[in-house]
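Summary of structural features
Chain by chain, the residues run as shown.
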Amino acid sequence: MKQLVIATHNPGKLREFLSLLAPQGFGVTSSGELGLPEPDEAADTFPGNARIKALAAAQASGLPALADDSGLSVAALGGGPGVFSARYAAGDYPSAFARIIEAARGADDWRAWFTCALCLARPDGSTATYIGQAYGRIAPAPHGAGGFGYDPVFIPDGYEQSYAELGPAVKDKISHRAQAIAQLKAVLKG
Ligand code: ITT
């Protein structure tokens, strides 16, 4: 595989993909760079939406494409917002943080986990999907300026700081996305 399209319009995800895939020895472009449209994320599961995004990019570009559907699940919200994480924030993360923290405090249950479904699609329509999860807890207040999305309110198990404070040196080793990519790399090598 010489060329790969990263099928995301999220610059935070793209940055992580570029660094996580850097040593793989293939050229990487993004659906943003290629001007590919954003497909409707019509599924209600992470793997379902990852597959929709990867197939759309592979078929539009004629290149293998890798898509990620991911999100934060909060125990106090019954596992939500989960697959609806982007829509739950609607671009206003400070307000989403406040709602999540309030729910965790109200239920006195701070458990949370990130999920990443990664789908590799080829232009012939074949797909393979890998899932990574990272468990942790909601921070009582947002902290840190690194990363993107919900990173300021998620403290991974084994740490006392948020993903946003820990930064890429730690996040890229332990994250839901790093774990899914590790599985993909094992398959690409094999
Ligand atoms: P693409 O579909 O174009 O990839 P998107 O942002 O719409 O971009 P998703 O539909 O998968 O992606 O939504 C995932 C949301 O979950 C994302 O917008 C973030 O708010 C959040 N999220 C996912 N991974 C995250 C991470 O590593 N750190 C913080 N927030 C994350």
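As shown above, the structure is provided for reference.
Quick caveat: nothing in here was measured; it's all calculated off a predicted structure.

About the thresholds
Residues numbered from 1 in each chain as written. Predicted model: local features only at pLDDT ≥ 70, side-chain atom pairs only at ≥ 80, totals over all residues. Heavy atoms only, no water. Helix = DSSP H or I, 4+ residues; strand = E, 2+ residues; numbered from the N terminus. Rg over C-alpha atoms; globule rule 2.2 N^0.38 Å. Buried < 20%, exposed > 50% of the residue type's maximum accessible area, 1.4 Å probe, protein only. Contact = heavy atoms within 4.5 Å. Areas by Shrake-Rupley, 256 points an atom, 1.4 Å probe, with all protein chains shown as cover. Lys, Arg positive; Asp, Glu negative; His and termini not counted. Charge placed at Lys NZ, Arg CZ, Asp CG, Glu CD. Near = heavy atom within 4 Å. Polar contact = N/O pair within 3.5 Å; in protein donor to acceptor, adjacent residues only side chain to side chain. Nonpolar A, V, L, I, M, F, W, Y, C, P; charged D, E, K, R; others polar. Salt bridge = Lys/Arg side-chain N within 4 Å of Asp/Glu carboxyl O. Expected span 1.5 Å × (residues − 1).

Here's the deal with the overall build of the protein
- When helices and strands are tallied, the protein shows eight helices and six strands.
- Here the protein has a C-alpha radius of gyration of 16 Å; the compact-globule value for 190 residues is 16 Å, and the two agree.
- Overall size of the protein, expressed as C-alpha extent along the three principal axes, is 50 × 30 × 25 Å.
- Here the protein holds 190 residues, and the buried ones make up 47% of them.
- In the protein, the proportion of contacts linking residues at least 24 apart, taken out of those at least 6 apart, comes to 62%.
- For the protein, the exposed surface amounts to about 8700 Å²; the carbon and sulfur share of it is 55%.
- Here the protein contributes 16 positively and 18 negatively charged side chains, and the mean placements of these two sets differ by 6 Å.

Section: the site of the ligand
- The ligand sits among 21 residues. The nearest are T8, K53, Y93, D151 and K171.
- H9 places a polar main-chain atom, nitrogen or oxygen, 2.8 Å from an oxygen atom of the ligand.
- N10 has a polar side-chain atom sitting 2.9 Å from an oxygen atom of the ligand.
- Considering the ligand on its own, with 610 Å² of exposed area, one finds that the protein chains cover 93% of that surface.
- Mapped by element, the contributors of at least two residues to the shell around the ligand are β3 (65–74), α4 (85–89) and α8 (176–189).
- Looking at which element gives the most residues to the shell around the ligand, the answer is β3, with four residues.
- Classifying every residue of the shell around the ligand gives five nonpolar, eight polar and eight charged.

Re the pattern of salt bridges
- Applying the stated criterion to the full structure yields nine salt bridges.
- In this structure, the salt-bridge partner of E41 is K53, at a minimum N-O distance of 3.4 Å. Of this pair, E41 sits in the loop between α2 (31–34) and α3 (46–61) while K53 is found in helix α3, placing the two residues 12 residues apart along the sequence.
- Take E41: its relative accessible area is 27%, and that puts it in the partly exposed class.

Notes on α3
- A rise of 1.5 Å per residue sets the reference length of α3, with its 16 residues, at 22 Å; its end C-alpha atoms lie 23 Å apart and thus fit the reference within 8%.
- Among all positions in α3, only F46, G48, N49, A50, K53, A54, L55, A57 and A58 are buried.
- At its buried positions, α3 is contacted by β1 (3–6), α1 (11–20), β3, α4, β4 (111–121) and β5 (127–138).
- Looking at where α3 begins, the residue whose side-chain oxygen comes 3.0 Å from the main-chain nitrogen of G48 is T45.
- Just beyond α3, the residue with positive phi is G62, at close to 75 degrees.

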